[in-house]
Amino acid sequence: MVTSGGARRAAWVRALVVASALAGMIALAGFVLGRIYADSLLVLLVAGAALGSVGLGVGARRLPNWAVAPISAVLLAAYTIVVLKWAAGRAEMTGPLAKIARDSLANGIPRLLTAMIPVEPTPDTVVVPVIAAWLAGLAATEVAVRAGRVLLGLVPVTALYAGALYVVGPNASAAGWATLGFAGLAIVAMATSNRPAQVEGPSKVRGSAAAAGLVAVLAFAAAIGPWVGGQVSATPVDPRRYVQPPQVDSLDESPLNRISGWMLDPRQRLLEVSASDKKIRLRLAVMPDYDGITWRVGATYRNAGRVLPQQPRLADTAIHTVRQQITIDGLTGRLLPVVPTPTEITGARVAFDSGTGTLIRPEQLATGLRYDVVSEEQTPDLNLLPTADVPSGGAVARYLSVGANVPDQLQRLSDQLADGNGAAYDRAAAIEDFLAEHYRKVADAPSGHAYPNLTFFLFGPRDQGGQVGTSEQFAASFAVLARLTGLPSRVVVGFDAPAAGGTVTGGDAIAWPEVLFDGLGWVPFDPMPKSKNPRPVEEDFTPKPTKPPSPPSEPPPTVSPTSSSAPPAAPAAAPGGGPGTVVVAGGASGSVLLLMGAAALTLLTMRSSLRRRRLLAGTPDDRIAGAWAELRDALRLAGRPMPSHLAATEAAAYAVSPAPPRRSRLRRATPSSAPTSSPASASPSATPASAASPASAAPPSPSAPPLPPLDALVAGINTVGFAPGAADDGQASRASQQAVDYATALRARRSWWRRIWWSIHPGPLRWHRD
């Protein structure tokens, strides 16, 4: 027999033991999750949430159920405010606490799952685990302590522990000892019943219940034991692969396109930098991906705190620590310029790409934004370059990709530069010297680094704007030629900052190429011109002439007529009374005509389908691009293909400008048609133009409609190029209509048989565009 007072004391002891076990299990969940954090702050905060929630449940076990939840909610709100203020102070975050709280609660989960590891304990990365720990402790205490259902009460804390393991994933070592401790505390909680002992009653009933519970536990362990054992050596799933990290927008996807704009406004104030002990170069973006059209960033940014992951240190490299304070002025976008490679940043919340060492801000840059950066510059021993090799294989495949349809001239130039330069550094130096010696830098060169732009920059006539460019063309040409010679390369965009500090303007923007060497890392090169009077490209590189066809080895046999006055032989009748030769020839001609008609009808149908697909299917951007393709096809069908280096406005002006007069084609004289009169007897009116084809020499018909304007099409293609996704259906419809009207007016200027050929020309079905 047990007295009622002793039973109450025993119940309190059992409640304290169960509550302590629950609090310890929640703290272990915080310890497991805290392994991916930069310090122990999260472990302390989760332990505090465990003590607060479980202690409240034990202290209020005599209160009604309906009173516990409001009290717990008030205490949770107070504790959350303390946590946010503490974490914000540790992270040196400024701003109203209410704004920090709203931002943390709204974005806590995605930022936790996209944060760079080790995770800095900031308000938005600790608030979710703390709230989850408090709720798990409250639910477990209510069920296990108040209701006496210990096994059911272990479910919330077990779910919390499992969630911590899932969030950690493969980013930390196995939590073996922590898991054993968690299981031990669970056993202690289940072994300690919080129900008072029976004052009277047979012990046989209690023994049967205990035996039944033990059998259930053993059966459960036997069922899941093999599965648990199989998971011990398996690699955990990383939940971060299911969450989209911060992405760059169209403005920052290819900052190389912004070089020409900055060059045209060289006095534009972009940012302010503090003084340094030497002239520094800030890095804005690294672009490793090229598809023949655009160099792209292609980075994976993860939310980061003040301390950034340290980059691998190369052997035998000098390390120089640089501290900079940077203030944004007129620079737009989200990419943050820093001295490579940053190791610590304060004053701005950033996301970091460990592959390139670049930073991006979740929000757009704003004038007045100020941040401090600590960077480590690694300077390799450049004396090792002549003997250094470059890596190969799948790990550097993205740095060797050149896209499809490499121009022949580019390939021949790269082959010429690589000829006789077996060492990797020799090839890179040859490309650097060739660009520096043959091309000129100008500020007003048009933007563009697709293959047509680079081809015009490298091989275009000087009197037509070729062989001049900004650092965009120099860096892009170097990187492409390097890849064609087997050198892993990339393009970097940044700014040259004065050593004394001060303003960085648009004229300080620069792009440069880098080559990856074994043991030395990424080494920058400078292909910019060293002289104001570069040598013409034609002096050192001349495109190979087209090889003429080889003459036949033997002349064709000739047939000697038996008599020049003999009449033609009559068609021979087919043997056996079959159809004669004339009948067979007529039937064959009819079959050929039918086949030609079918082919023409097929081509007409395919051309119509191509136009409908271009102008009616897809997004507004796709339809505008299709309308531009229709314009290019129309010009090509008219014998005036659009030069690939022209910008949209220039291309539209070219399209509506009058065609230059065609050069007359003289008929070649043959022995049978040679004139018998002397040259002096030739008529003065028999000019070369009189021998030209009437169709090619005739001007457009006076009744032909005038060429319509292309302003809507130009505006649409510029929107697609500089603001992807901003075009709407109305803009796409106007661009499509102008393309159709222009093609119709241009076709109406042709002769009747050329208009027919225009409709069935197979060219638009197979022409490739850059």
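Residues numbered from 1 in each chain as written. Predicted model: local features only at pLDDT ≥ 70, side-chain atom pairs only at ≥ 80, totals over all residues. Heavy atoms only, no water.

*Asks:* Looking at this structure, how should I read the overall build of the chain?
*Replies:* Helices and strands together make up the secondary structure of the chain, namely 22 helices and 17 strands. Here the chain holds 770 residues, and the buried ones make up 41% of them. For the chain, long-range pairs separated by at least 24 residues make up 79% of all intrachain contacts whose partners lie at least 6 apart in sequence. (Helix = DSSP H or I, 4+ residues; strand = E, 2+ residues; numbered from the N terminus. Buried < 20%, exposed > 50% of the residue type's maximum accessible area, 1.4 Å probe, protein only. Contact = heavy atoms within 4.5 Å.)

*Asks:* Where do I start with helix α11 (residues 408-418) in this structure?
*Replies:* Owing to its 3.6 residues per turn, the α-helix aligns residues three or four sequence positions apart on the same side. What α11 keeps buried is the set Leu410, Leu413, Ser414 and Leu417. Relative to the axis of α11, the buried residues are bounded by an arc of 100° and lie together on one face. Structurally, α11 contributes buried residues whose contacts are with α12 (424-438), α13 (451-459) and α14 (471-484). Two residues or fewer after α11 comes glycine 420, characterised by a positive phi angle close to 85°. (Arc of directions from axis to C-beta.)

*Asks:* So what exactly am I meant to see when it comes to helix α2 (residues 41-59) here?
*Replies:* Between its first and last C-alpha atoms α2 spans 27 Å; for 19 residues at 1.5 Å apiece the expected length is 27 Å, and the two agree. Taken together, the buried positions of α2 are Leu41, Leu42, Leu45, Val46, Ala49, Ala50, Ser53, Val54, Leu56, Gly57 and Val58. (Expected span 1.5 Å × (residues − 1).)

*Asks:* Please clarify how the pattern of salt bridges should be interpreted in this entry.
*Replies:* The final tally for this structure, using the stated rule, is 20 salt bridges. Its salt-bridge partner being arginine 535, residue glutamate 437 comes within 3.5 Å of it at the nearest N-O pair. Of the two residues, glutamate 437 sits in helix α12 while arginine 535 sits in the loop between β17 (521-524) and α15 (581-616), which places them 98 residues apart along the sequence. Residue arginine 490 pairs with glutamate 514 through a salt bridge whose shortest N-O separation is 2.9 Å. Taken together, the residues span a long stretch of sequence, with arginine 490 in strand β14 (residues 489-497) and glutamate 514 in strand β16 (residues 509-517) at a distance of 24 residues. Each of Arg611, Arg614, Glu630 and Asp633 takes part in salt bridges that share partners, so that together they form one network. (Salt bridge = Lys/Arg side-chain N within 4 Å of Asp/Glu carboxyl O.)

*Asks:* Looking at this model, I keep getting lost on the sheet that holds strand β6 (residues 317-328). Mind explaining?
*Replies:* In any sheet, the strands associate via hydrogen bonds between backbone groups, in a parallel or an antiparallel arrangement. What the five strands build is an open sheet, ordered β8-β11-β6-β1-β15; its pairing is antiparallel. Every other strand in the sheet has two partners, leaving β8 (342-346) and β15 (502-505) as the edge strands with one partner each. Averaged over neighbouring strand pairs, the angle between their axes works out to 30° when direction is ignored. Where β8 meets strand β11 (residues 370-380), four bridges bridge the pair, whose relative direction is antiparallel. Residue pairing for β11: proline 342 is matched across the bridge by serine 375. (Pairing = 2+ DSSP bridges. Axes fitted to C-alpha atoms, helices over the stretch in contact; angles between N-to-C directions.)

*Asks:* Before we go on, may I ask you to explain the environment of alanine 178 in this structure?
*Replies:* Mapped onto the secondary structure, alanine 178 falls in helix α7 (residues 176-191). Relative accessible area serves as the criterion here: at 9%, alanine 178 is assigned to the buried category.

*Asks:* Even after reading the chapter, I still don't get the packing of helix α16 (residues 620-637) against helix α20 (residues 729-748), so can you show me in this structure?
*Replies:* When two helices pack together, their arrangement is given by the angle between the helix axes and the distance between those axes. Remark: α16 packs on α20, axes separated minimally by 8 Å, with the N-to-C direction vectors making an angle of 10°. Judged by the angle between their axes, α16 and α20 are roughly parallel. Contacts from Pro620, Arg623, Ile624, Ala627, Glu630, Leu631, Ala634 and Leu635 of α16 reach α20 at Asp729, Gln731, Ala732, Ser733, Ala735, Ser736, Ala739, Tyr742, Ala743 and Leu746. (Parallel < 35°, antiparallel > 145°, perpendicular 65-115°, else oblique.)

*Asks:* Would you take a moment to explain the nonpolar core for this structure?
*Replies:* As a rule of thumb, nonpolar side chains are buried together in soluble globular proteins. Among the nonpolar cores identified, the biggest contains 83 residues, and Tyr371 and Phe517 are the most heavily contacted of them. No other element matches α14, which puts nine residues into this core. Sequence-distant contacts of tyrosine 371, that is, excluding residues within four places in its chain, are made with Gln324, Gln325, Ile326, Ile328, Leu336, Pro337, Val338, Ile345, Thr346, Gly347 and Ala348. Of all hydrophobic cores here, the second largest spans 51 residues; its members include Ala15, Leu76, Val83 and Tyr161. (Core = buried A, V, L, I, M, F, W, Y, C linked by side-chain atoms within 4.5 Å.)

*Asks:* Help me understand the sheet that holds strand β9 (residues 350-353) in this model?
*Replies:* Across the sheet, which stays open at both edges, the four strands sit in the order β5-β9-β10-β7 with antiparallel pairing between neighbours. Edge positions in the sheet fall to β5 (302-304) and β7 (335-336), since each has one partner strand and no second. Relative to strand β10 (residues 358-360), β9 runs antiparallel, the two sharing three bridges. Looking at β10, one finds that phenylalanine 352 is bridged to leucine 359.

*Asks:* How do you make sense of the packing of α13 against α14 when you look at a structure like this?
*Replies:* Where α13 meets α14, the axes come as close as 10 Å, and the angle between the chain directions of the two elements is 100°. With respect to α14, the element α13 is oriented roughly perpendicular. Contacts between α13 and α14 involve Tyr451, Leu454, Phe457 and Leu458 from the former and Gln473, Phe474, Ala476, Ser477 and Val480 from the latter. Within the contact of α13 with α14, the residues separate by chemical class into seven nonpolar, two polar and no charged. (Nonpolar A, V, L, I, M, F, W, Y, C, P; charged D, E, K, R; others polar.)

*Asks:* Teacher, can you tell me more about the environment of glycine 368 here?
*Replies:* Tracing the sequence through the fold places glycine 368 in the loop between β10 and β11. Judged by relative accessible area, glycine 368 falls into the partly exposed class, the value being 46%. Spatially, the C-alpha atom of glycine 368 lies 5.5 Å from that of isoleucine 328, the residues being 40 residues apart in sequence. In this view, glycine 368 contacts Thr327 and Ile328; residues no more than four positions away in its chain are not counted.

*Asks:* I tried to follow the confidence of the model for the chain on my own but got confused; where do I start?
*Replies:* Detail in the predicted coordinates should be disregarded across regions flagged by low pLDDT. Chain-level pLDDT for the chain is 80 on average; 79% of the residues reach the 70-or-more range. Taken element by element, the predicted model of the chain shows its lowest mean pLDDT in helix α18 (residues 694-697) (36) and its highest in α14 (97). pLDDT under 50 marks residues 196-203. Its contacts with residues more than four places away, or in other chains, come to eight contacts. Overall, residues 661-703 carries pLDDT values under 50, and its contacts beyond four positions in sequence, including any with other chains, amount to 17 contacts. (pLDDT = per-residue confidence, 0-100.)

*Asks:* Which parts of the structure should I look at to understand unusual backbone geometry?
*Replies:* Glycine aside, the phi torsion of most residues is negative, and most peptide linkages are trans. In this structure, the amide linkage connecting proline 340 to the following residue, threonine 341, adopts the cis form with an omega of -5°. If you trace the backbone, threonine 341 turns up in the loop between β7 and β8. Even without a glycine there, the phi angle at asparagine 405 is positive, about 60°. Among the secondary structure elements, asparagine 405 is positioned in the loop between β11 and α11. Its relative accessible area of 55% is what places asparagine 405 among the exposed residues. Unlike most non-glycine residues, glutamine 467 shows phi in positive territory, near 65°. Relative to the helices and strands, glutamine 467 is located in the loop between α13 and β13 (468-469).

*Asks:* Even after reading the chapter, I still don't get the side chain of serine 260, so can you show me in this structure?
*Replies:* Inspection of the secondary structure assignment puts serine 260 in helix α10 (residues 259-264). Exposure remark for serine 260: the relative accessible area of 9% places this residue in the buried category. Once residues within four sequence positions are removed from consideration, serine 260 is found in contact with Ala443, Ala445, Ser447 and Glu472.

*Asks:* Help me out: how do you make sense of the pairing of strand β2 (residues 280-287) in this one?
*Replies:* Looking along a regular strand, one sees the side chains alternate between the two faces of the sheet. Across the eight residues that make up β2, a large majority, seven, are buried. By the bridge criterion, seven bridges tie β2 to β14 in an arrangement that is antiparallel. Across the sheet, leucine 282 pairs through a bridge with phenylalanine 495, a residue of β14.

*Asks:* Before we go on, may I ask you to explain the packing of aromatic side chains in this structure?
*Replies:* Given two aromatic rings, one states the distance between the centres and the angle between the planes to describe the pair. Scanning all chains against the criterion turns up 12 aromatic pairs. Here the aromatic cluster, defined as three or more aromatic residues joined through ring pairs, consists of Tyr425, Phe478, Phe517 and Phe525. Sitting above the plane of the tryptophan 512 ring, arginine 281 keeps its charged end 4.6 Å from the centroid. (Phe/Tyr/Trp six-rings, centres within 6.5 Å; stacked < 30°, edge-to-face > 60°. Lys NZ or Arg CZ within 6 Å of the ring centre and 35° of its normal.)

*Asks:* Please clarify how the side chain of arginine 361 should be interpreted in this entry.
*Replies:* Assignment of secondary structure puts arginine 361 in the loop between β10 and β11. Engagement of the side chain of arginine 361 in a polar contact is seen with the backbone oxygen of glutamine 364, the distance being 2.7 Å. Here arginine 361 is in contact with Arg334, Leu336, Arg349, Ala366 and Leu369, once residues within four sequence places are set aside. (Polar contact = N/O pair within 3.5 Å; in protein donor to acceptor, adjacent residues only side chain to side chain.)

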